[in-house]
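# Geometric and topological summary
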Amino acid sequence: MAKKVFRAESKRLLDLMVNSIYTHKEIFLRELISNASDALDKRYYISLSDESVSFDRGDFFISVTADKDARTLTVADTGVGMDKAELEKNLGTIAHSGSFNFKDENAPKDGVEIIGQFGVGFYSAFMVAESVTVRSRAFGSEESFEWHSSGSDGYTVAPCDMTEPGTQVILKLKADGDDEKYGEFLEEYRIRGIIKKYSDFIKYPIRLGDETLNSMVPIWRKNKNELTQEDYDRFYQDKRYGFEKPLKTVHMNVDGAVSYTALLYIPAAQPFDFYTREYEKGLELYTSGVLIMRKCADLLPDHFAFVQGLVDSADLSLNISRELLQHDRQLKLMAKRIAEKIKSELLSMLQNDRESYIKFFELFGRQLKYGVYADWGAHKDALQDLLMFRSSFEKKLVTLDEYVSRVKEDQKYIYYAAGQSAEALEKLPQAEAVADRGIEILYFTDEIDEFAVRVLMKYKDLEFKSVSDEDIGIDAAPGDDGDKDLFEAVAKELTGKIKEARASARLKTHPVCLASGGALSIGMEKTLNLIPGQEAPKAEKILEINRDHTVFQTLRETFKTDADRFARLSRVLYCQALLIEGLPLEDAAGYADDVCGLIGG
């Protein structure tokens with residue numbers, strides 16, 4: 001019989017498709033099973049259109065057969081089949097899709113889902129096969145034909161002896177090499193694993209011998225009233241999303257401009273690599289029950305990267321590999337709706353199951369704060385009501401709304417203190433004046449906290465104010481200006497280290513503290529210092545000294561009588577302020593010498 005050449009494409013295109021488009025060679029089995037499912041759907045469509053044609057689902061299935069001796073793998077279906085012209089048209093032209101044309105030319109009917117769209121999935125078989133044979137008999141035809149090809153050199157079509165409608169795709173696997181072991185695709189355990197991974201929810205039975213390998217009815221396609229939380233939890237663990245029961249399960253069924261089903265989980269434990277660059281966010285993406293992407297990052301914003309789960313839709317536009325998703329309007333609509341749903345479910349958890357929400361926030365709250373800060377604050381309004389911070393009043397996590405509900409009548413700001421722990425912040429000297437007025441203070445203990453609220457700027461018309469800011473917005477008299485020369489002398493001694501020295505209006509019992517004089521706070525400087533490989537910018541520091549403390553009296557006494565002792569006292573007070581802030585000493589040995597000099601003097 002005469003060999004025919006592929007009508008539209010060259011060896012280069014086939015080589016590109018086989019070697020470049022598909023990331024994993026195991027994909028070929030998913031593609032062949034998807035094509036078989038399409039063929040069964042087409043036959044079902046005929047039964048809906050023609051009352052004389054029956055369709056008994058029990059008679060329609062996909063079978064996979066491995067013959068190790070012959071080194072062949074066969075995927076067969078009892079679907080609509082193809083006649084000679086269809087074999088040449090569908091398989092003789094790379095990137096021609098019978099499935100796509102069928103869906104385009106026929107009105108949709110209930111239960112019909114055509115997965116294939118671009119017709120190249122079949123050719124993925126050549127990634128693992130040295131030759132491919134397709135035997136097919138079209139439904140309603142008395143003839144059957146065999147298509148055969150060994151690659152881009154062409155193909156043949158000849159009559160064969162099939163007795164029932166359907167299609168058989170027979171792969172003669174390549175010989176094993178040093179780097180590739182094609183024989184693995186003849187092992188039953190490998191076949192089971194691939195089908196379970198990619199095609200578990202194809203709605204027709206996929207058989208290996210007498211065993212059906214796929215579950216056929218995905219949990220997310222069942223009605224919610226058919227499912228218990230135990231069902232959802234079991235699926236969560238079966239999918240290896242996590243070992244513990246999830247904190248929250250969200251089951252969405254959406255109809256509209258794009259229709260899809262989503263099953264989302266909020267984990268009860270943090271992935272070990274969650275706050276690392278290696279963590280990969282995303283939802284599993286299915287189309288008509290076939291896995292397209294293991295991690296579709298575009299379906300989740302970064303601030304909800306902790307969400308696990310999947311999305312299934314028949315409405316997506318896929319590119320030729322089925323592995324890469326176009327950034328189309330449908331995907332953006334899905335992502336937007338999913339983000340809104342996640343937020344509403346978190347708010348519901350906050351309001352109705354606070355204990356679970358606090359557990360969630362302790363695990364993933366930092367991610368929400370990063371979301372406020374990221375993208376120049378684009379998501380701040382969506383996330384602000386989900387934030388929690390430890391309260392000086394409650395001694396536990398509270399929301400911004402709860403803080404605002406308790407503000408004093410004349411209070412102008414939401415006050416916060418930033419540091420390593422709530423315990424340390426309770427003793428922070430700068431907080432004394434605010435705390436003495438009975439004002440609640442939020443404790444910021446995550447590095448991102450202060451950056452996030454700088455982006456928020458305010459909440460319900462109240463601006464955020466650090467207790468360490470130069471002006472804390474509380475009227476207090478530091479005293480007269482009789483010591484102006486003294487403070488100027490302290491500042492001169494500490495030239496290059498502080499912006500100025502002044503009497504403190506906020507200190508009550510502590511001798512000294514640092515205040516921030518510019519947009520960059522001292523806490524932010526500490527965070528930026530943690531970034532390796534770069535020199536962090538410095539905050540403007542103001543040294544405040546408590547004029548009512550005994551140490552100030554000593555400082556005043558030495559100001560005009562002992563210049564050396566005055567200088568030592570100034571440096572020691574500055575170093576003490578640094579230590580209180582958790583900042584490193586610039587000259588630890590010098591500090592020790594100054595302390596010893598004062599003690600000995």
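Definitions and limits used
- All residue numbers refer to position in the chain's written sequence, counted from 1.
- Two thresholds apply to this predicted model, a pLDDT of at least 70 for residue-level local features and 80 or more for giving and counting side-chain atom pairs, whereas whole-chain, interface and lining totals are computed over all residues.
- Remark: hydrogens and water are excluded; side-chain values derive from all non-hydrogen atoms of the structure.
- A run of DSSP states H or I qualifies as a helix once it reaches four residues; a run of E qualifies as a strand once it reaches two. Both are numbered from the N-terminal end.
- Only protein chains enter the accessibility calculation, which uses a 1.4 Å probe; a residue whose area is less than 20% of its type maximum is buried, one above 50% is exposed, and one in between is partly exposed.
- What sets the accessible areas is the Shrake-Rupley method with a 1.4 Å probe; for residues, cover comes only from the shown protein chains.
- Pairing between strands requires that DSSP locate at least two bridges from one strand to the other.
- Structural elements are reduced to axes, namely lines fitted to C-alpha atoms, with helices fitted over the stretch in contact, and the angle between N-to-C directions of any two is expressed from 0 to 180 degrees.
- Salt bridges, as used here, are contacts in which a Lys or Arg side-chain nitrogen is within 4 Å of a carboxyl oxygen on Asp or Glu.
- By the criterion applied in these results, polar contacts are pairs of N or O atoms within 3.5 Å in which, for protein atoms, one can donate a hydrogen and the other can accept it, and in which residues neighboring in sequence qualify only through two side-chain atoms.
- The criterion used for residue contact is that any of the two residues' heavy atoms lie within 4.5 Å.
- Note on aromatic contacts: the rings of Phe and Tyr and the six-membered ring of Trp form a pair at centre separations within 6.5 Å, being stacked when their planes are under 30 degrees apart, edge-to-face when over 60 apart, and tilted otherwise.
- For a Lys NZ or an Arg CZ to count as sitting over a ring, it must be within 6 Å of the ring centre and within 35 degrees of the ring normal.
- Residue-level confidence of the predictor, termed pLDDT, takes values from 0 up to 100.
- By the definition used in this description, the sense in which the near helix is turned from the far one sets the handedness, with an anticlockwise turn below a right angle giving left-handed and a clockwise turn giving right-handed.

## Points about the overall build of the chain
Check the secondary structure of the chain and you find 18 helices and 22 strands. When burial is assessed residue by residue, the chain has 52% of its 601 residues classed as buried. Summed over its atoms, the accessible surface of the chain is roughly 28,900 Å², and 47% of this surface lies on carbon and sulfur atoms.

## With respect to the pairing of strand 22 (residues 541-545)
Across the five residues that make up strand 22, a large majority, five, are buried. Where burial is concerned, the two faces of strand 22 agree: the one with Lys541, Leu543 and Ile545 and the one with Ile542 and Glu544 are both buried. With four bridges joining them, strand 20 (residues 500-503) and strand 22 adopt parallel strand pairing. Bridging from a neighbouring strand, Glu500 pairs with Ile542 of strand 22. Pairing geometry for strand 21 (residues 512-516) and strand 22, over five bridges, is antiparallel. Bridging from a neighbouring strand, Ser516 pairs with Lys541 of strand 22.

## Things to note about the sheet that holds strand 11 (residues 283-287)
Reading across from one edge, 9-10-13-11-12 is the order of the five strands in this open sheet, with mixed pairing throughout. Every interior strand has two partners, whereas the edge strands, strand 9 (248-254) and strand 12 (290-296), have only one. The average angle at which neighbouring strand axes cross in this sheet is 15°, direction not considered. Note: strand 11 against strand 13 (residues 308-312), three bridges, orientation parallel.

## A short note on the pairing of strand 12
With respect to burial, strand 12 is a largely interior element, five of its seven residues being buried. When strand 11 meets strand 12, the two strands line up antiparallel, connected through four bridges. The residue bridging Tyr286 from the neighbouring strand is Leu291, located in strand 12. Linking strand 11 to strand 12, which pair antiparallel, is a turn of two residues; within it Ser288 sits at a positive phi near 55°.

## Describing the sheet that holds strand 20
In space, the three strands of this open sheet follow the order 20-22-21, with mixed pairing throughout. Since the sheet does not close on itself, it has two edges, and those belong to strand 20 and strand 21, each with one partner. Between one strand axis and the next, the sheet turns through 30° on average, direction left out of account.

## Section: the pattern of salt bridges
Under the defined criterion, the tally for this structure stands at 46 salt bridges. One salt bridge connects Lys538 with Glu525, and the closest N-O pair in it is separated by 4.0 Å. Taken together, the positions of Lys538 in the loop between helix 15 (522-529) and strand 22 and Glu525 in helix 15 put the pair 13 residues apart, joining distant regions of the chain. Connected through salt bridges with shared partners, the residues Glu493, Asp564, Arg568, Arg571 and Asp594 form a single ionic network.

## Some words on the side chain of Ser356
Summarising the element assignment, Ser356 is placed in helix 8 (residues 354-373). At a separation of 2.7 Å, a polar atom in the side chain of Ser356 contacts the side chain of Asp353. Apart from the residues within four sequence positions on either side, Ser356 is in contact with Leu247 and Met349.

## A short note on the packing of aromatic side chains
Inspection of every chain in the model, using the stated rule, returns 27 aromatic pairs. With centroids separated by 5.7 Å and ring planes inclined at 80°, the aromatic side chains of Tyr373 and Phe451 adopt a geometry described as edge-to-face. Note that Tyr373 is positioned in helix 8 and Phe451 in helix 13 (residues 449-456), a separation of 78 residues in sequence. Taking NZ or CZ as reference, Lys465 lies 4.7 Å from the ring centre of Tyr413, over its face.

## Considering the confidence of the model for the chain
In the predicted model, the chain carries a mean pLDDT of 88, and 89% of its residues have values of at least 70. Per-residue pLDDT stays below 50 along residues 319-324; that stretch engages in 26 contacts with residues further than four places along the chain or on separate chains.

## A word on unusual backbone geometry
Across residues other than glycine, the phi torsion is negative in most instances, and most of the peptide bonds are trans. Phi is positive for Ser288, close to 55°, though the residue is something other than glycine. Looking at where Ser288 falls in the secondary structure, it is placed in the loop between strand 11 and strand 12. Using a relative accessible area of 6% as the deciding quantity, one classes Ser288 as buried.

## As for the packing of helix 16 (residues 550-559) against helix 17 (residues 563-581)
It is at 8 Å that the axes of helix 16 and helix 17 come closest, and there the two elements cross at 145°. Along this stretch, helix 16 crosses helix 17, giving a crossing that reads as left-handed. Every residue of helix 17 that contacts helix 16 at Val551, Thr554, Leu555, Thr558 and Phe559 is listed here: Ala563, Arg565, Phe566, Leu569, Ser570 and Leu573.

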